[in-house]
Amino acid sequence: MTLYYRDDAVQVTSEAIHAGGHVVRLADIAYVWHARGATTLAVRGRVLGRGVLVLLLSLPPLVALVCVLSLAWAAQDRGNWRLALVILAAFVVAGLALTPFLELPLGWLDRSYERGNQVHELWVQHRGQEVMLLRTPDALRFGQIYRAVQRAVEQHGERR
């Protein structure tokens, strides 16, 4: 028996698919497909959180740009470029010193995009009935499971 995928709730082997309380033998599957399900509150929250995070990451550079432009404008009026250059250098040094701290929020943003913004459903036609085996808002996990099911069904079809 070959194991194609396994986590806490789903197991795909060369003999059967165990998911959502169902055990479906590959020999009994006529067709496999996926569909988009209704959006859940968790997915909406993820999309909203992603938007807030993008806004929070975008605001400091925009504020810094406005400060630099106003500083340059004021320095031009007063003719005091030395103070403007010292303040600009301090901004650049502070920005470079804080750059490593962007790793954490950018990692959150990256994982948010990996998980997707939809609910995915895995369906099979089993003994003439359509059965939903899996419903998840995690796009990465769903893709892994769906590919495992495809491989298992293809390999089972070749052995017949």
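Undergrad: Give me the lowdown on the packing of helix α1 (residues 41–78) against helix α2 (residues 81–98), citing residues and values where you can.
TA: Between α1 and α2, the least distance of the axes is 9 Å, while the angle of their chain directions is 165°. In this view, α1 runs roughly antiparallel relative to α2, as classed from their interaxial angle. The handedness of the crossing between α1 and α2 is left-handed. Residues Cys67, Val68, Leu71, Ala72, Ala75 and Gln76 of α1 form the contact with α2, whose own contacting residues are Trp81, Ala84, Ile87, Leu88 and Phe91. Considering only residue class, the contact of α1 with α2 consists of ten nonpolar, one polar and no charged.

Undergrad: Quick one: what's the story with unusual backbone geometry, residue by residue and with numbers?
TA: Not every positive phi belongs to a glycine, and Arg127 is a case in point at roughly 55°. Note on placement: Arg127 falls in the loop between β6 (119–126) and β7 (129–136). Judged by its relative accessible area of 64%, Arg127 is exposed.

Undergrad: Which residues make up the side chain of Arg50, and what are the values?
TA: When you line up the elements, Arg50 lands in helix α1. Within the buried core, Arg50 has no salt-bridge partner, and the shortest N-O distance to an opposite charge, that of Asp110, equals 9.4 Å. Contacts of Arg50, omitting those with residues within four sequence positions, involve Leu109, Ser112, Tyr113, Gly116 and Asn117.

Undergrad: Account for the environment of Leu85, naming residues and giving values.
TA: Mapped onto the secondary structure, Leu85 falls in helix α2. Note on Leu85: relative accessible area 53%, which makes it exposed. Taking the C-alpha atoms as reference, Leu85 lies 9.9 Å from Val68; in sequence the two are 17 residues apart.

Undergrad: Provide a residue-level description of the sheet that holds β7, including the pertinent values.
TA: The three strands are arranged β5-β6-β7 in an open sheet whose pairing can be described as antiparallel. Edge positions in the sheet fall to β5 (29–37) and β7, since each has one partner strand and no second. Strand after strand, the sheet turns through a mean of 25° between neighbouring axes, direction not considered. Pairing between β6 and β7: seven bridges, direction antiparallel. Bridge pairing in β7 places Leu122 opposite Leu134.

Parameters at a glance
Residues numbered from 1 in each chain as written. Predicted model: local features only at pLDDT ≥ 70, side-chain atom pairs only at ≥ 80, totals over all residues. Heavy atoms only, no water. Axes fitted to C-alpha atoms, helices over the stretch in contact; angles between N-to-C directions. Helix = DSSP H or I, 4+ residues; strand = E, 2+ residues; numbered from the N terminus. Parallel < 35°, antiparallel > 145°, perpendicular 65-115°, else oblique. Left-handed = near helix turned anticlockwise from the far one by under 90°. Contact = heavy atoms within 4.5 Å. Nonpolar A, V, L, I, M, F, W, Y, C, P; charged D, E, K, R; others polar. Buried < 20%, exposed > 50% of the residue type's maximum accessible area, 1.4 Å probe, protein only. Lys, Arg positive; Asp, Glu negative; His and termini not counted. Salt bridge = Lys/Arg side-chain N within 4 Å of Asp/Glu carboxyl O. Pairing = 2+ DSSP bridges.

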